[in-house]
Amino acid sequence: MTTKSDVLIIGGGPVGLNSAYYLLKAGRRVTILDSNEIGKGSGHGNAGQIVPSHIVPLAAPGVVSSALKWMLDPSLSPFGMKIRLSPAYILWLIQFAAACSEANVTRSIPSMRSLAQLSMTNLLNMLDEERIECRYQQTGIITLFKDEKAFADGKHEAEFLGRHGVPTEILDKAALHECEPIALDDVIGGVHFTGDSFMNPAIFLAELAKRVREMGAEVHENTAVTGFESVSGKITKVRTASGEFEAEHVVLAAGAWSPIVARDLRLKLPIQPARGYSVTVAAPRNMPRHAFILGDRRVAVSPFGELLRFTGRLEVGEYSTTPDPKWLARLEMFVREYIELDEKLDVKDAWAGLRPVTPDGIPAIGRAPGLSNLTVATGHAMVGLSLGPGTGQLVSELVNGQKTAFDLRPLSLDRF
Ligand SMILES: Cc1cc2nc3c(=O)[nH]c(=O)nc-3n(C[C@H](O)[C@H](O)[C@H](O)COP(=O)(O)OP(=O)(O)OC[C@H]3O[C@@H](n4cnc5c(N)ncnc54)[C@H](O)[C@@H]3O)c2cc1C
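What this report covers is the structure whose coordinates are included nearby. Everything quoted here is computed from the prediction, not taken from an experiment.

### As for the packing of aromatic side chains
And then number 1: Counting across every chain of the model gives 3 aromatic pairs.
And then number 2: Between Tyr21 and Tyr22, the ring centres sit 5.0 Å apart and the planes meet at 90°, which makes this aromatic pair edge-to-face. For the pair Tyr21 and Tyr22, one class covers both residues: buried.
And then number 3: The ring centre of Phe151 lies 4.3 Å from the NZ or CZ of Lys155, which sits over that ring.

This is the structure:
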């Protein structure tokens, strides 16, 4: 059986759902295929932090040396790496290490900033226009520090980001404890990212999925794309286990799975998964007023009203989404080093998800070279929830052949 559609989106995560939303608003008819349920990929269990402050790409100076240092003590490391003898994986690792440079940061910041700002504006408009209630809070995110050297580095980073228009406020020990009494006494200060915000991502994605269906999207869940047929540089068929689809235009938004989905298409799409975990507990007696990042531990803490979530760990090259109980327990242990928590927590959920990471650490958004009816939007790494609303608008502009909101050449697939 062949189903005909106008725009066919592969993947119903934050990127696919936002793309569907903006395409539908632009008057296109949309079909979404997902191998799972929409909104249940790598987005719903994440930290829910909306971080326009994250304009520095994942591939930045110091990342490789920090990773090597952490690997000397793997039991406490926020970073892990799967050993795999795949040429594509080894090449990706080499390219990532090479991209950890000042030059990559300088090159990436303008596009990351434009995408972050567009996303922030779009998110606020969407929450307002669609009346989406997802525990969205604009109190900002605070990075907490227990160590003088790490705090000094944090202040230095805040100064750097400030020069690029990111609002921050340095909190000394007294100011921090006044605004966050839940912080333990040996937390010596913080950097408050006042323009950041947070929300319950599961509620946001469920609400967005509902709006997209109401706007007319045809959704096929549990429908994995297994291959493509293309003729003269145009995709003519998208194959799934439950039949074939034909579409005027195809959008590939399958996150960390994008290169696997696209293997028939001979695209250069070097993306590796970076697995992370979350533990969600019922609200303890005292809840934080802000979301946090815990300094050296790189753990995120996000309060969602009746729930509190701890998120962390970045395991490059790992495709399994089965959470490792050892790391779930460590997340809680790390959080207890920084904030007061009830002795016994009521765990509601334990989760693992995959961040899609390119070798230069910035997203890949653009028309696919050599295929006239394919747009790719993936590689959002740690910030796909934040950057989804801007990406959705850009995908709609690309599919409709319109001028994009900003110059997308630095994010295009030609760079690979
Ligand atoms: C622990 C953790 C914490 C995070 N915290 C934050 C945060 O606080 N803020 C933030 O902005 N970002 C955060 N992220 C990152 C964010 O979750 C990702 O960047 C985002 O989910 C990527 O969105 P996506 O739509 O590209 O991919 P996904 O969310 O992975 O969605 C891809 C979809 O494609 C589907 N799919 C896969 N294969 C196929 C196939 N063959 N056929 C059809 N469909 C297929 C999947 O089922 C899935 O639904 C976090 C990630 C993790 C893991």
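More follows now that the structure is in view.
### Let's talk about the packing of helix 1 (residues 14-25) against helix 7 (residues 201-214)
The axes of two packed helices give the description: the angle between them and the distance between them.
And then number 1: Here helix 1 crosses helix 7 at 35°, and the two axes come no closer than 10 Å. Two packed elements cross with a definite hand, and for helix 1 against helix 7 that hand is left-handed. Residue-level inspection shows Pro14, Leu17, Asn18, Ala20, Tyr21 and Leu24 of helix 1 in contact with helix 7, the latter providing Leu205, Leu208, Ala209 and Val212.
And then number 2: The residue inventory of the contact of helix 1 with helix 7, partitioned by class, reads 9 nonpolar, 1 polar and no charged.

### Here we look at the environment of Leu394
And then number 1: Mapped onto the elements, Leu394 comes out in helix 10 (residues 384-399).
And then number 2: What makes Leu394 buried here is its relative accessible area of 0%.
And then number 3: Expressed as a C-alpha distance, the spacing of Leu394 and Ile170, which sit 224 residues apart in the sequence, is 34 Å.
And then number 4: Apart from the residues lying within four places of it in its own chain, the contact partners of Leu394 are Leu115, Leu118, Ile365, Thr404, Ala405, Phe406 and Leu408.

### Focus: the pairing of strand 16 (residues 307-316)
And then number 1: Here strand 16 lies mainly inside the structure; 10 of its 10 residues are buried.
And then number 2: Where strand 4 (residues 79-81) and strand 16 come together, 3 bridges link them in parallel fashion. Paired with Met81 across the strands is Val316, a residue of strand 16.
And then number 3: For strand 15 (residues 299-304) and strand 16, the ladder comprises 5 bridges, and the chain directions are antiparallel. By the bridge assignment for strand 16, Ser302 is matched with Arg309.
And then number 4: Two successive antiparallel strands, strand 15 and strand 16, enclose a turn made up of 2 residues, where Gly305 displays a positive phi of approximately 70°.

### Details of the side chain of Ser278
And then number 1: Mapped onto the elements, Ser278 comes out in strand 13 (residues 272-282).
And then number 2: On the accessibility criterion, Ser278 (0% relative accessible area) is buried.
And then number 3: Engagement of the side chain of Ser278 in a polar contact is seen with the backbone oxygen of Gly45, the distance being 2.7 Å.
And then number 4: Filtering out sequence-adjacent residues up to four positions away, Ser278 remains in contact with Gly45, Arg309, Phe310, Thr311, Leu328, Leu331, Asp349, Ala350 and Trp351.

Here is what the cut-offs are and how they apply
Residues numbered from 1 in each chain as written. Predicted model: local features only at pLDDT ≥ 70, side-chain atom pairs only at ≥ 80, totals over all residues. Heavy atoms only, no water. Phe/Tyr/Trp six-rings, centres within 6.5 Å; stacked < 30°, edge-to-face > 60°. Buried < 20%, exposed > 50% of the residue type's maximum accessible area, 1.4 Å probe, protein only. Lys NZ or Arg CZ within 6 Å of the ring centre and 35° of its normal. Axes fitted to C-alpha atoms, helices over the stretch in contact; angles between N-to-C directions. Helix = DSSP H or I, 4+ residues; strand = E, 2+ residues; numbered from the N terminus. Left-handed = near helix turned anticlockwise from the far one by under 90°. Contact = heavy atoms within 4.5 Å. Nonpolar A, V, L, I, M, F, W, Y, C, P; charged D, E, K, R; others polar. Pairing = 2+ DSSP bridges. Polar contact = N/O pair within 3.5 Å; in protein donor to acceptor, adjacent residues only side chain to side chain.

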